Amino acid sequence: MTLSKCLKLSMTLLFVLMICTACQSHKEQGTSGYISLNELESLADKGAALSWSDFDKYPYEDIGSGVYIRRYPIEGEQQLLVRGKSLEKPPEQISIVDQKGEEQDILLCVNLTCR
């Protein structure tokens, strides 16, 4: 093989490796893409001691505008909504939302009037 062909092959392999590295998921090892019911129970046990950092290892969608509202998928095709005015303070409200978008259970209410 000529030097020119080796160089082209090396550059092609390097390019493919760079593309593959860029496409890798950045989820923490061991997470499944949703919050399991066991993990949800452990989070609920913390009650008012919950902080935003307790949810760091889970993927979420930021749906808030003017306030922080993060939507986390949970086992059973439901979602967990975590709300608050600041990431520096604990979340103010955490609720479970069913597949129809209806809030099923409020796990935590702090500084808000809850139903």
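Placed above this text is the structure.
A brief report on the enclosed structure follows. Just so you know, these numbers come straight off a predicted model, no measurement behind them.

Per the secondary structure count, the chain includes two helices and five strands. Ordered by position from the N terminus, the helices and strands of the chain form the series α-α-β-β-β-β-β. Burial status across the chain gives 24% buried among its 115 residues. Summarising the internal contacts of the chain: among those between residues at least 6 apart in sequence, 26% fall at separations of at least 24. Carbon together with sulfur atoms contributes 53% to the accessible area of the chain, which is approximately 8,300 Å² in total.

Below, the discussion takes up the pairing of strand β4 (residues 93–97). Counting buried residues in β4 gives five out of five residues, a clear majority hidden from the surface. Alignment of strand β3 (residues 78–84) against β4, held across five bridges, turns out to be antiparallel. Across the sheet, R83 pairs through a bridge with Q93, a residue of β4.

With that settled, the discussion passes to the pattern of salt bridges. Scanning the model with the defined rule gives three salt bridges in all. The salt bridge partner of D54 is K46, with a shortest N-O separation of 2.7 Å. Exposure remark for D54: the relative accessible area of 18% places this residue in the buried category. Since its relative accessible area comes to 39%, K46 is described here as partly exposed. With a closest N to O distance of 2.8 Å, E103 and R83 form a salt bridge. In this pair, E103 is assigned in strand β5 (residues 103–109) and R83 in strand β3, connecting sequence segments 20 residues apart.

This next bit is on the packing of aromatic side chains. Scanning all chains against the criterion turns up three aromatic pairs. Relative to Y72, the ring of F55 has its centre 5.2 Å away and its plane inclined at 35 degrees; by these criteria the two rings are tilted. Of this pair, F55 sits in the loop between α2 (37–46) and β1 (61–62) while Y72 sits in strand β2 (residues 68–74), placing them 17 residues apart in sequence. Grouping residues by exposure puts F55 and Y72 together as buried. Joined through ring pairs, the aromatic side chains of F55, Y60 and Y72 make up one cluster.

Turning to unusual backbone geometry, a few remarks are in order. Look at E77: it is not a glycine, yet its phi comes out positive at around 60 degrees. Tracing the backbone shows E77 in the loop between β2 and β3.

Analysis parameters
- Residues numbered from 1 in each chain as written.
- Predicted model: local features only at pLDDT ≥ 70, side-chain atom pairs only at ≥ 80, totals over all residues.
- Heavy atoms only, no water.
- Helix = DSSP H or I, 4+ residues; strand = E, 2+ residues; numbered from the N terminus.
- Buried < 20%, exposed > 50% of the residue type's maximum accessible area, 1.4 Å probe, protein only.
- Contact = heavy atoms within 4.5 Å.
- Areas by Shrake-Rupley, 256 points an atom, 1.4 Å probe, with all protein chains shown as cover.
- Pairing = 2+ DSSP bridges.
- Salt bridge = Lys/Arg side-chain N within 4 Å of Asp/Glu carboxyl O.
- Phe/Tyr/Trp six-rings, centres within 6.5 Å; stacked < 30°, edge-to-face > 60°.

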